[in-house]
Amino acid sequence: MGLHGDGRGQARGRVARAGPRRSGGLRGGVAVFAAVAAVFTLTLPPSVPGGDSGELITAAHELGVAHPPGYPLFTLVAKLAIILFPFGSVAYRVNLLCGLFGAVAASLLFFTVFRLSGSYAGGILAAGVFSFSRLTWQWSIAAEVFSLNNLFVGLLMALTVHFEEAATAKERSKIAKIGAFCCGLSLCNQHTIVLYVLCIIPWILFQLLKEKELSLGSLLKLSLYFSAGLLPYVYLPISSYLNQARWTWGDQTTLLGFLTHFLREEYGTFSLAKSEIGSSMSKILLSQVTNMRTELSFNIQALAVWANICLARRDKQNPSLVWLFTGMFCIYSLFFAWRANLDISKPLFMGVVERFWMQSNAVVAVLAGIGLAALVSESNRVLNSNGLRCLEWLSASLFVVYQIYSNYSICDQRTNYVIDKFAKNLLASMPHDAIILLRGDLPGNSLRYMHYCEGLRPDISLVDQEMMTYEWYLPKMAKHLPGVNFPGNRWNPVEVILPSGVVTFNLYHFLEINKQFDPSSWESVANEEMWQARMKTPFFIFNLAETANMPSNVKAQLYTHAYNLYKEIVYLQKEHPVNWHKNYAIACERMLRLRERDANPEVLLSETIRHFRLYTQKAQNDPQLADILVALKHLRKELQSLRNMKNV
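Criteria and cut-off values
Residues numbered from 1 in each chain as written. Predicted model: local features only at pLDDT ≥ 70, side-chain atom pairs only at ≥ 80, totals over all residues. Heavy atoms only, no water. Helix = DSSP H or I, 4+ residues; strand = E, 2+ residues; numbered from the N terminus. Disulfide = S-S within 2.5 Å. Buried < 20%, exposed > 50% of the residue type's maximum accessible area, 1.4 Å probe, protein only. Expected span 1.5 Å × (residues − 1). Bend = angle between axes of the 7 residues up to and from the residue. Contact = heavy atoms within 4.5 Å. Axes fitted to C-alpha atoms, helices over the stretch in contact; angles between N-to-C directions. Parallel < 35°, antiparallel > 145°, perpendicular 65-115°, else oblique. Nonpolar A, V, L, I, M, F, W, Y, C, P; charged D, E, K, R; others polar. Phe/Tyr/Trp six-rings, centres within 6.5 Å; stacked < 30°, edge-to-face > 60°. Lys NZ or Arg CZ within 6 Å of the ring centre and 35° of its normal. Core = buried A, V, L, I, M, F, W, Y, C linked by side-chain atoms within 4.5 Å. Salt bridge = Lys/Arg side-chain N within 4 Å of Asp/Glu carboxyl O.

Q: Requested: an account of the environment of G123, with residues and values cited.
A: In this fold, G123 is placed in helix α5 (residues 120-131). In this structure the C-alpha to C-alpha distance between G123 and V366, which are 243 residues apart in sequence, comes to 7.6 Å.

Dropping the structure here:
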């Protein structure tokens, strides 16, 4: 198997193995790259895929900033690909780039296994089984950041093996510096790799310390190389300062804005989403193991375990890279399961979570390749024969061929124009000079790509409704939307002037100031009908909660939904019917009686009093007027009592 022990014998063994393995590893790595690149290129989608692809391509095309943490390395390299590749659509060029990233990742996994075990078959098994799994294949041919992350996973493991093989202090120092730079650079893409970096760095430092090659000066140099790897993040404040991109995310011109973006505070630092309640840690771990069995097969999992068993039997006293890789896998899996705050019982969220399992699958594939080599080596030792080498090649080939056979039809995206047609049909249906309010990834990212990258419908304006709630959106984007009028600095359901001086506006005010329909047109009638339907919805929901026989938790959900809808309508549309003041006040009173954890009793009481009072002023002929005035008197006393209690 070729695992190493300590002492001078190990050093001599390193030198003896390094020559043939170095040349053989390079030749094999090039062959693996060519094979995987050919398959990935053959199955690339010709246009924009779904998910974040449209946004990432647009950010690269415009030299803007992508969603947190910004992905500066991917953005800059994708921009180069858009310029240098002379064929295909803008999306196809970035898809091709990601396919090449995936092929490089495969060659690095091969290199890692081959240099550790000396087995070509083991390396091909690791590279092929991982690359042609449904999950890896699917995300390696789309314009996403995952294939670049896979490349860095393979690169860090390959450099770690190369460091462990180094026979001289000079060589170890050189590889350590390159590795420190690559560790920093890897964090310019997907932050999940930090868990592998935090495992590898202490291991490298311990090896240098053991060899008596670690000093304060060398530690400072390694820190500088690591910091140099982070330099692509300088792109974020530069792009934000220039503000030339028609699509960008965030304001990184201040330290606070940069840190907010870098730490993903808008999504939740160290979490997949903000304010989401996810599945339990045990459920996510079990799903990961099940998904791994589906993606890689049970046999691959067994070979990965066998690699550790062989190590324990043959090299009990010496720490090894196999144990380091196993530790990386365990730490990553446990931490991710802890922080993945999404409900994986929902297919959409399951799809989000499973993408991050590729990082652990890559390590398992490497361990499986080492396990195959160890199994054959052990069998040959027991049988005192070398006759199992053909069986090793046969088993590796069968595993890889089966992966391709099983997943080719699913991952072949050559004729996939679904998102392309969706976006083009939407744009084609819009009237001239339309303002399109975007909400959600699918319409938002696909329309941005078509409008900004392909140049379709230059007459229309794209305004992101959700982004308007962020303080940075209008100061950054308003100048790129000259045909759109904004009646304030930020969108908010309730129009107020914030303590910071920011003026908020609601959707109704935004639509009024940008109204483009003649009052007598059918478009104006349709717009009014939609508002009327929206206003009737909370009445129906509230009435259902009042009259239907149902569990208390369901009733509470209906009351809460009706309250939120009433609140939005009352503050959104100034010309609403008078009775909506009373309806909203009653909804506030019901919420008050529910005693929901997130509800503020003082705010609810104040809202109830305010809108009952407005109703009594405008509806003098209501037969219930006297009862409402009595209720108002009681509610004011209740509010005063509540405030007195708070003061005490």
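Q: Could you give an account of the state of the cysteines, with specific residues and numbers?
A: In a disulfide, the sulfur atoms of two cysteines are held together by a covalent bond. For the coordinates displayed, the defined rule picks out zero disulfides. The closest cysteine sulfur to the non-disulfide-bonded C183 is located on C182, 7.4 Å from its own sulfur. Taking the relative accessible area as the measure of exposure, C183 reaches 4% and is therefore buried. No disulfide involves C188; its sulfur sits 11 Å from the nearest other cysteine sulfur, which is in C182.

Q: Residues and numbers for helix α18 (residues 389-411), please.
A: A turn of α-helix holds 3.6 residues, and therefore any two residues three or four places apart point the same way. The first and last C-alpha atoms of α18 sit 32 Å apart over 23 residues, in line with the 33 Å expected at 1.5 Å per residue. Its maximal kink placed at Y405, α18 deviates by approximately 30°. Regarding α18, the residues found buried are E392, A396, V400, Q403, N407 and C411. Against the buried residues of α18 lie α5, α6 (134-140), α13 (281-296) and α17 (358-383).

Q: I'd love a proper account of the packing of α5 against α18, names of residues and values included.
A: One can describe the packing of α5 onto α18 by two numbers: an axis separation of 9 Å at closest approach and a directional angle of 10°. It follows that α5 is roughly parallel to α18 by the angle criterion. Side by side, α5 and α18 meet where Y120, A121, G122, I124, L125, G128 and V129 of the first sit next to E392, W393, A396, F399, V400 and Q403 of the second. Class assignment of the residues belonging to the contact of α5 with α18 gives a composition of nine nonpolar, three polar and one charged.

Q: Describe the packing of aromatic side chains, listing the residues and the values that go with them.
A: If you walk through the whole model with that rule in mind, you get 29 aromatic pairs. Ring centres 5.8 Å apart and planes at 10° place the aromatic pair F110 and F114 in the stacked group. Here F110 pairs with F114, and both are found in helix α4 (residues 90-117), just four residues apart, close to one helical turn. According to the relative accessible area criterion, F114 is buried, its value standing at 4%. Through pairs of rings, three or more aromatic residues link up here, namely W139, F146, Y196, Y332, F336 and F356. Positioned above the aromatic ring of W247 is the side chain of R448, whose terminal nitrogen or guanidinium carbon lies 3.9 Å from the ring centre.

Q: Can you break down the nonpolar core residue by residue, with the values?
A: Counting 154 residues, the largest nonpolar core has I57, F74, F325, Y473 and F486 as the members making the most contacts within it. Here this core takes 18 residues from α4, the largest share from any one element. When neighbours within four sequence positions are excluded, F486 is seen to be in contact with V463, M468, L474, A478, L481, F505 and F510. One finds V570, M591, L592 and L635 within the second-largest nonpolar core, a separate group that totals 29 residues.

Q: Hey, could you go over the pattern of salt bridges for me, with residue numbers and the actual values?
A: Under the defined criterion, the tally for this structure stands at 19 salt bridges. Of the charged contacts in the structure, one is a salt bridge between E211 and R172, with a shortest N-O distance of 3.9 Å. In this pair, E211 is assigned in the loop between α9 (194-210) and α10 (216-229) and R172 in helix α8 (residues 169-186), connecting sequence segments 39 residues apart. Note on E211: relative accessible area 37%, which makes it partly exposed. The residue R414 makes a salt bridge to D412 at a minimum N-O spacing of 2.8 Å. Given the relative accessible area of 41%, R414 is considered partly exposed. Three or more residues joined by partner-sharing salt bridges are found here, namely E546, E589, R590, R593 and E638.

Q: Requested: an account of the environment of L259, with residues and values cited.
A: On the secondary structure map, L259 appears in helix α12 (residues 255-262). On the accessibility criterion, L259 (34% relative accessible area) is partly exposed. Residues L259 and G444 lie 185 residues apart in sequence; the distance between their C-alpha atoms is 25 Å.

Q: Give a detailed account of the side chain of S147, specifying residues and quantitative values.
A: Looking at the secondary structure, you find S147 in helix α7 (residues 146-165). For S147, a relative accessible area of 0% translates into the label buried. Excluding residues within four positions of it along the chain, S147 makes contact with C98, F101, G102, W139 and S140.

Q: Run through the environment of F510, naming residues and quoting values.
A: Here F510 shows up in helix α22 (residues 507-513). For F510, a relative accessible area of 1% puts it in the buried group. Sequence separation between F510 and G179 is 331 residues; the distance between their C-alpha atoms is 52 Å. Beyond its immediate sequence surroundings of up to four residues, F510 is in contact with I435, L437, V463, V484, N485, F486, P487 and F505.

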